[in-house]
Amino acid sequence: ANPISQAHHLFLNGEEVRDLIIPNSVTSIGKFTFYNCSSLTSVAISNSVTSILKSAFYNCSNLTSVTISSNLTYLGDYAFSNCHSLKSVEIPNRVITISDYAFSECYALTSATIGSGIKSIGNEAFGHCNELEDVYCLAVKVPNINTTAFQDSLIDHATLHVPYTSLEAYKTTVPWNNFTNIVSI
């Protein structure tokens, strides 16, 4: 394994890094790796990365875009919490659990795509994401979800997009049924 850990400020040739590409040599992004890296605006995570640990990108307040490895299987607590400028996220199909507070307080988040492999979504995973407009949950089987997963996220104004065969199941399951608009993909 080749983890990255604890790089609070990244500089290259005397300039603070704004756009970061995690190379193929990295398999895991460790706890607090980019904690408070406010200069980061975009991150591309290579397909070699299978885990993003607790608070890895916590409070990267200017991060607007992230491309997550399609091979990611683990997304830790607070992984992208407090990334106030993050606009959208696509969680790959191999992720089984979105841990507690993973995307909480991502105030600019308008769109979230949750892959088909998801089985559980933790406490306030998308809490306080006040700008959410569209959530795509590709799982045919309705995931086990904490009732606070979308705490204070104004999902009554957002649209939930789900597989056609599961539409009725999502409509009758808390807190999914708190979305005013639930439509089939």
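Please read all numbers here as calculations on a predicted model, not as lab measurements.

Just checking my understanding: could you explain the environment of Phe103 for this structure?
On the secondary structure map, Phe103 appears in the loop between strand E11 (97-98) and strand E12 (111-114). Residue classification places Phe103 among the buried positions, given a relative accessible area of 0%. Taking C-alpha positions, Phe103 is 10 Å from Gly76, a pair spaced 27 residues apart along the chain. When residues no more than four places from it in sequence are discounted, the contact partners of Phe103 are Leu75, Phe80, Ser81, Leu86, Val89, Ile91, Ile98, Ala125, Phe126, Gly127 and Cys129.

Explanation requested: unusual backbone geometry in the structure shown.
In terms of backbone geometry, most residues other than glycine have negative phi values and most peptide bonds are trans. A cis amide bond links Val174 with the next residue in sequence, Pro175, at an omega value of -5°. Examined against the element boundaries, Pro175 turns out to sit in the loop between helix H1 (167-171) and strand E17 (181-184). At Ser55, a position not held by glycine, the phi torsion is positive, near 55°. Note on placement: Ser55 falls in the loop between strand E7 (51-52) and strand E8 (65-67). Located in the positive-phi region is Tyr101, a residue other than glycine, with phi close to 60°. Topologically, Tyr101 is positioned in the loop between E11 and E12.

What am I meant to see in the sheet that holds strand E6 (residues 42-45) here?
Sheet strands pair by backbone hydrogen bonding; their relative direction is either parallel or antiparallel. If you trace the 3 strands from one edge of the open sheet to the other, you get E4-E6-E8, paired in parallel fashion. The sheet terminates laterally at strand E4 (19-22) and E8, the two strands that pair on one side only. Across the sheet, the mean angle separating the axes of adjacent strands is 5° when strand polarity is ignored. Strand direction decides the pairing type here: E4 and E6, joined by 4 bridges, are parallel. Each bridged residue has a counterpart across the sheet, and for Ile22 the counterpart in E6 is Ile45.

Explain the packing of aromatic side chains here, please?
According to the stated counting rule, one finds 13 aromatic pairs in the structure shown. Arranged with centres 5.4 Å apart and planes meeting at 10°, the rings of Phe103 and Phe126 form a pair that is stacked. Here Phe126 lies in the loop between strand E13 (120-121) and strand E14 (134-137) and Phe103 lies in the loop between E11 and E12, a separation of 23 residues in the sequence. Each member of the pair, Phe103 as well as Phe126, carries the same accessibility label: buried. Cluster of aromatic residues (ring-pair linked, three or more members): Phe34, Phe57, Phe80, Phe103, Phe126, Phe150, Tyr170, Trp176 and Phe179.

Conventions adopted
Residue positions are counted from 1 within each chain, in the order its sequence is given. Only residues with pLDDT of at least 70 are given local features in this predicted model, and only at 80 or more are side-chain atom pairs given and counted; all residues enter the totals for whole chains, interfaces and linings. Hydrogens are left out, water is left out, and the side-chain values use all remaining heavy atoms of the structure. A run of DSSP states H or I qualifies as a helix once it reaches four residues; a run of E qualifies as a strand once it reaches two. Both are numbered from the N-terminal end. Throughout this description, buried means an accessible area under 20% of the type-specific maximum (1.4 Å probe, protein chains only), exposed means over 50%, and partly exposed covers the range between. Here, residues are in contact when the closest pair of their heavy atoms is within 4.5 Å. The rule for pairing is simple: two strands pair if DSSP sees at least two bridges between them. Every axis corresponds to a line fitted to the C-alpha atoms, with the helix fit spanning only the stretch in contact, and the corresponding angles, defined between N-to-C directions, vary from 0 to 180 degrees. Stacked, edge-to-face and tilted are the three classes for Phe, Tyr and Trp ring pairs, Trp counted by its six-membered ring, which pair at centre distances within 6.5 Å; planes under 30 degrees apart are stacked, over 60 edge-to-face, the rest tilted.

What is shown is where atoms sit, not what they do.
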